[in-house]
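# Summary of structural features
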Amino acid sequence: GGISMTRVMIAIPCLAKIDTAFVQSLINLDKTGMEVAVQFCEGSLVYDARNILANIAIKAGFDRVLWVDSDMILERDTLKRLNARMDEDRDFVAALAFRRRPPHIPVIYSQIAMMEDAEGRRVPSITAYEDYPENEVFDVAGSGFGCVMTSVELLRKVRDKYGLPFSPRVGFGEDISFCMMAHEVGATLWCDSSVKVKHIGTILIDEEMYKETKNAIQRNNSGT
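Residues numbered from 1 in each chain as written. Predicted model: local features only at pLDDT ≥ 70, side-chain atom pairs only at ≥ 80, totals over all residues. Heavy atoms only, no water.

### Considerations on the side chain of Arg-90
Rule in force here: The way it works is that DSSP assigns letters per residue, a run of H or I at least four long becomes a helix, a run of E at least two long becomes a strand, and they are numbered from the N terminus. Counted as a polar contact is a pair of N or O atoms within 3.5 Å, where, for protein atoms, one must be capable of donating a hydrogen and the other of accepting one, and residues adjacent in sequence contribute only when both atoms are in side chains.
Within the fold, Arg-90 resides in the loop between helix 3 (78-87) and strand 5 (92-96). For Arg-90, the side chain forms a polar contact with the main-chain oxygen of Arg-85, separated by 3.4 Å.

Structure, rendered in structure tokens:
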């Protein structure tokens, strides 16, 4: 009996076209000490694709899923580092990614809730975690799914309680909806802001770009 390796499925919901820079970063990932399979799912409805991928991971008996969008560039050690964080008894760890369109805020959230507006209507409220702790592991209310590792156990728990793990709730995207359901089944969601991924836009959006935009806005507001 050799040492059993962690089985990770890299799950990629995608439209037809895939950026070669993304593919290259996928090929270059350090996969040592893990048994890794890559699974694409094409389709125009991302939540359908995610539900199909979650189902494959559960059925095939994987331990973990690395969810990656096809417009990301991952560092070579991304998979390894997120996997190591999961080894510390976590069920959900997001890498740090930023929105492709300005303002390039991080796609991690400090608060997700249904609030009442002035007219008493229930409206979704999502607060981006803009002043996140840098190069640390901290808990979040939720995160986009550009680069997130989840345990298959968590996918199973959410599926068992709610049916489809990625069915969007009214007013929220499928990724945020999953995060809400994950909290409801007792999971704590984490982000490791030292694991940084780049979002492929017309320019590469990264931490530096976010800070530049943020400083420019602050300068404008203070009138200097």
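### Details of the packing of aromatic side chains
Here is the rule we go by: Aromatic rings from Phe, Tyr and Trp, taking only the six-membered ring of Trp, are treated as a pair when their centres fall within 6.5 Å; an angle between ring planes under 30 degrees marks them as stacked, one over 60 as edge-to-face, and anything in between as tilted. When a residue's accessible area, from a 1.4 Å probe over protein chains only, is under 20% of the maximum for its type it is buried; when over 50% it is exposed; and in between it is partly exposed.
Going through the model one piece at a time under the given rule, you end up with 10 aromatic pairs. Each ring, one from Phe-92 and one from Phe-145, has its centre 5.9 Å from the other, and the planes form 75°; the classification is edge-to-face. Linking Phe-92 in strand 5 with Phe-145 in the loop between strand 9 (142-143) and strand 10 (147-151), this pair joins segments that are 53 residues apart in sequence. In this pair, the class of Phe-92 matches that of Phe-145, namely buried. Measuring from centroid to centroid gives 5.7 Å for Phe-145 and Phe-178, while their planes differ by 85°, and the two rings are edge-to-face. Residue Phe-145 is located in the loop between strand 9 and strand 10, and its partner Phe-178 is located in helix 5 (residues 174-184); the two are separated by 33 residues in the primary sequence.

### Observations regarding the sheet that holds strand 7 (residues 122-128)
This is how it is decided: For two strands to be treated as a pair, DSSP must find at least two bridges joining them.
Overall, antiparallel pairing links the three strands, which are arranged 7-6-9 in an open sheet. The open sheet terminates on both sides in strands that have one partner only, identified here as strand 7 and strand 9. The pairing of strand 6 (residues 108-116) with strand 7 spans seven bridges and is antiparallel. Paired with Ala-113 across the strands is Ser-125, a residue of strand 7.

### Quick notes on unusual backbone geometry
Trans peptide bonds make up most of the peptide bonds, and negative phi angles are found at most residues other than glycine. For the bond running from Pro-102 to Pro-103, omega is -5°, close enough to zero to count as cis. In this fold, Pro-103 is placed in the loop between strand 5 and strand 6. Residues other than glycine seldom take positive phi values, yet Asp-89 does so here, at roughly 65°. Structurally, Asp-89 is set in the loop between helix 3 and strand 5. You can call Asp-89 exposed: its relative accessible area is 72%.

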